[in-house]
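What the coordinates show
Below are the chains, spelled out letter by letter.
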Amino acid sequence: MGIFQKTLISAFLLYLFILPLLVSAAEEESECGGSKGGDSAAAKASVRNFKIVAFFSILFAGVIGVCLPIYGLKSESDFFMYVKAFAAGVILATGFVHILPDATESLTSPCLGEEPPWGDFPMTGLVAMSASILTMLIESFASGYFNRSRLEMEGKTLPVSTAGDTEEHSHAASAHTHASQGHSHGSLLVPQDDHTDIRKKIVTQILELGIVVHSVIIGVSLGVSPSVSTIKPLIAAITFHQLFEGFGLGGCISEAKFEAKKIWVMLLFFSLTAPVGIGIGIGVSEIYNENSPMALKVSGFLNAAAAGILIYMALVDLVAPLFMNHKVQSSLKIQLFCSLSLVVGAGLMSLIALWA
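Just so we're clear, the structure is a prediction, and the values are computed from it rather than from any experiment.

Structural notes on the UniProt feature "transmembrane region" (unreviewed entry) in the protein chain
- Residues annotated by UniProt as "transmembrane region" (unreviewed entry) correspond here to residues 49–72, 79–101, 121–146, 206–228, 234–253, 265–284, 304–324 and 336–355.
- Between the C-alpha atoms that bound residues 121–146 there is a distance of 39 Å. The span itself is 92% helix and 0% strand.
- Strand forms 0% of residues 336–355 and helix 85%; the C-alpha atoms that close the span are 30 Å apart.

Here you go:
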């Protein structure tokens, strides 16, 4: 194991042990929006300092989390499969335990009034379901587009056989016979490995989109928080949140085998979204009202859509393929450890919901 990998793992473990101390240091606050002690200049300066700490802490956690599976682990090892299961659990819990309840709270807030559809209609479920269906359709049409494009390119390069091309004709017949046995369709179809790689890349990019939407929202929420007692537990909880989400996303990026430049773009895009959200929140904190009808609708719809995307992707694209994998199915040990990793990942991410 190289120095870089050891450094990543050490930083990951440091976060796991030190950050809970911040949660225990949090002060109690009232149920209806926290203390109002941030009116003085000294209190505002203290709040601003904590937000700056949150900015760098969350940025560093995101980088460590997403880099560790990409640069610190071998994708061929059994341990990487356990990491994938852990990551799938984290993403599943993010959708079900973190984002969906937030969306429901926003879209059922009394501040929206009782007029339809805000009074009785389950808008959160509708938006989440629509996002899940849209995600499936995007995956399907994108995969189909790439397959058809590859077919057209390969079809243009096929040699034209003649009556005298005995060897070539024999090869084509052999390929057709092989296809009739259900193994392949010869040179006219995209190879299975290429199809799988394309699908993994599509899945990873849609997954990052869902994660990024939520990251911006929680960053803005921290940035507009008015009191230290609110910010202290949020620093720890959101840092853990980004650490584990990055871990999950990093595992998918590693498996999708993107080019180095693309990996760094995705890494920076994920790592910067929550800190940028904090910066936006700080900038608009004097005028932003998170309980205004417009703010509740925007955050509620975005959170509900992000939840639908993450829940679909976690179950359909991460958990199911992993547990139906031949390597997992053929080894009871791997199956048990993957199951345990899935539960631990979902459990730890759900635990963070106590503070965030």
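Some remarks on the packing of helix α3 (residues 41–71) against helix α9 (residues 260–284)
- Viewed as axis vectors pointing N to C, α3 and α9 meet at an angle of 165°, and their least axial separation amounts to 9 Å. Relative to α9, α3 is oriented roughly antiparallel. In terms of crossing hand, the pair formed by α3 and α9 is right-handed. For the pair α3 and α9, contact is made by K51, A54, F55, I58, L59, G62, V63, V66, C67, I70 and Y71 and by I263, W264, L267, F270, S271, L272, A274, P275, V276, I278 and I282, respectively.
- For the contact of α3 with α9, a count of residues per class yields 19 nonpolar, 2 polar and 1 charged.

Structural notes on the pattern of salt bridges
- For the structure shown, the criterion picks out 3 salt bridges.
- One salt bridge in this structure joins K200 and E255, with 3.6 Å as the shortest N-O distance. Taken as a pair, K200 in helix α7 (residues 192–223) and E255 in helix α8 (residues 228–256) lie far apart in primary sequence, 55 residues in all.
- Overlapping salt bridges, with partners in common, bring together K84, K200 and E255 in one network.

As for the environment of L268
- The residue L268 is located in helix α9 in this model.
- Once the C-alpha coordinates of L268 and V66 are considered, the two residues, 202 residues apart in sequence, prove to be 9.5 Å apart.

Observations concerning the nonpolar core
- Of all hydrophobic cores here, the largest spans 41 residues; its most connected members are V66, L207, L249, I253, M313 and C338.
- Every element with two or more residues in this core is listed here: α3, α4 (78–107), α7, α8, α9, α10 (293–323) and α12 (332–352).
- Take this core: its biggest share by element is 11 residues, from α10.
- In this structure C338 touches M81, Y82, A85, F323 and V328, once residues within four positions along its chain are discounted.
- Core analysis: the next-biggest nonpolar cluster, separate from the first, contains 16 residues, V83, F86, A93 and M349 among them.

Parameters and conventions
Each residue is numbered by its place in its chain's sequence as written, counting from 1. Per-residue local features are limited, in this predicted model, to residues with pLDDT of at least 70; the limit for side-chain atom pairs, both in listing and counting, is 80 or more; totals at the level of whole chains, interfaces and linings are taken over all residues. To get the side-chain values, all heavy atoms of the structure are used, and hydrogens and water are removed first. UniProt positions are given in the numbering used here, feature names are shortened, and annotations may be inferred rather than shown by experiment. Secondary structure elements follow DSSP: runs of H or I of four or more residues count as helices, runs of E of two or more count as strands, with numbering from the N terminus. To get an axis, a line is fitted to the C-alpha atoms, and for a helix only the part in contact is used. The angle between two axes follows their N-to-C directions and goes from 0 to 180 degrees. These descriptions rest on fixed angle ranges, namely under 35 degrees for roughly parallel, over 145 for roughly antiparallel, 65 to 115 for roughly perpendicular, and the rest for oblique. With the far helix as reference, a near helix turned anticlockwise by less than a right angle produces a left-handed crossing, and one turned clockwise produces a right-handed crossing. When checking whether two residues touch, look at their non-hydrogen atoms; a contact exists if any pair is within 4.5 Å. Put simply, Ala, Val, Leu, Ile, Met, Phe, Trp, Tyr, Cys and Pro go in the nonpolar bin, Asp, Glu, Lys and Arg in the charged bin, and everything else, Gly too, in the polar bin. What makes a salt bridge here is a side-chain nitrogen of Lys or Arg within 4 Å of a carboxyl oxygen of Asp or Glu, nothing more. Nine residue types can take part in a nonpolar core, namely buried Ala, Val, Leu, Ile, Met, Phe, Trp, Tyr and Cys, and a core is a set of them joined through side-chain atoms within 4.5 Å. Only protein chains enter the calculation, and the probe is 1.4 Å; a residue is then buried if its accessible area is under 20% of its type maximum, exposed if over 50%, and partly exposed in between.

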